[in-house]
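# Tertiary structure, described
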Amino acid sequence: MRAPDDATAAGRFAAMPSWLMTQTAQQAHRLVSDGLAAVGARGYHYRALAWLDELGPTSQADLGRRSGIHLSDLVATINELADQQLVERTPDPADRRRNIITITPAGRRQLRRLEKQLTRVQDELLAALTPDERDQLTLLLRRVLDHHTDARPSTPLLPNA
């Protein structure tokens, strides 16, 4: 890391990638939270629907592991999505103590709406960058994140909106 040209506290902070990433993450969290709230959703809703769309019907426990949503938050999220008829929760025929969660057709439509909204949010967040710079930033952030998560490809996580 280069030494800051400006010896003031602001100059010191502005030269620290960790500080810049933290400040940017706060802005991203606000934009994502506000963007999803504008369409009546939260980050957990998107995460759960996206994983269900990819996995197909799955146990509540597996959905929690895959999505990284803590069990207590997952139960509330599934309740909210079920109330809106975006997912169905049914007992597992093989083990009636477990629930199987399935995305509904309405849930898939909502997922597409959320993806469009998140694309708008990404455009707003990264408006200062060219498309090539956005790709480069994404690649570099992915490399840093993967390095700190035991080199496993990490799952795309949204703020806990």
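Predicted model, so just to flag it, every value in this text is computed and none were measured.

### Section: helix H5 (residues 71-83)
Here H5 is 13 residues long and its end C-alpha atoms lie 18 Å apart, about the 18 Å a rise of 1.5 Å per residue gives. All of the buried residues in H5 are Leu74, Thr77, Ile78 and Leu81. In a view along the axis of H5, the buried residues occupy a sector of 100°, so they form one face of it. Buried positions along H5 lie against helix H3 (43-55), helix H4 (60-67), strand E2 (87-92) and strand E3 (95-103). Positive phi appears at Gln85, one or two residues downstream of H5, with a value of about 60°.

### Focus: unusual backbone geometry
The phi dihedral of Gln85 is positive, around 60°, even though this residue is not glycine. Of note, Gln85 is situated in the loop between H5 and E2. On the accessibility criterion, Gln85 (60% relative accessible area) is exposed.

### Description of the pattern of salt bridges
By the definition in use, this model includes 10 salt bridges. In this structure, the salt-bridge partner of Arg42 is Glu80, at a minimum N-O distance of 2.9 Å. Here Arg42 is found in the loop between helix H2 (17-37) and H3, whereas its partner Glu80 is found in helix H5, with 38 residues between them in sequence. The class for Arg42 is partly exposed, based on a relative accessible area of 25%. Judged by its relative accessible area of 27%, Glu80 falls in the partly exposed class. A salt bridge links Asp62 to Arg65; the shortest N-O distance between them is 3.8 Å. Remark: Arg65 and Asp62 occur in helix H4; sequence separation between them is 3 residues, near one turn of the helix.

Thresholds applied
Residues numbered from 1 in each chain as written. Predicted model: local features only at pLDDT ≥ 70, side-chain atom pairs only at ≥ 80, totals over all residues. Heavy atoms only, no water. Helix = DSSP H or I, 4+ residues; strand = E, 2+ residues; numbered from the N terminus. Expected span 1.5 Å × (residues − 1). Buried < 20%, exposed > 50% of the residue type's maximum accessible area, 1.4 Å probe, protein only. Arc of directions from axis to C-beta. Contact = heavy atoms within 4.5 Å. Salt bridge = Lys/Arg side-chain N within 4 Å of Asp/Glu carboxyl O.

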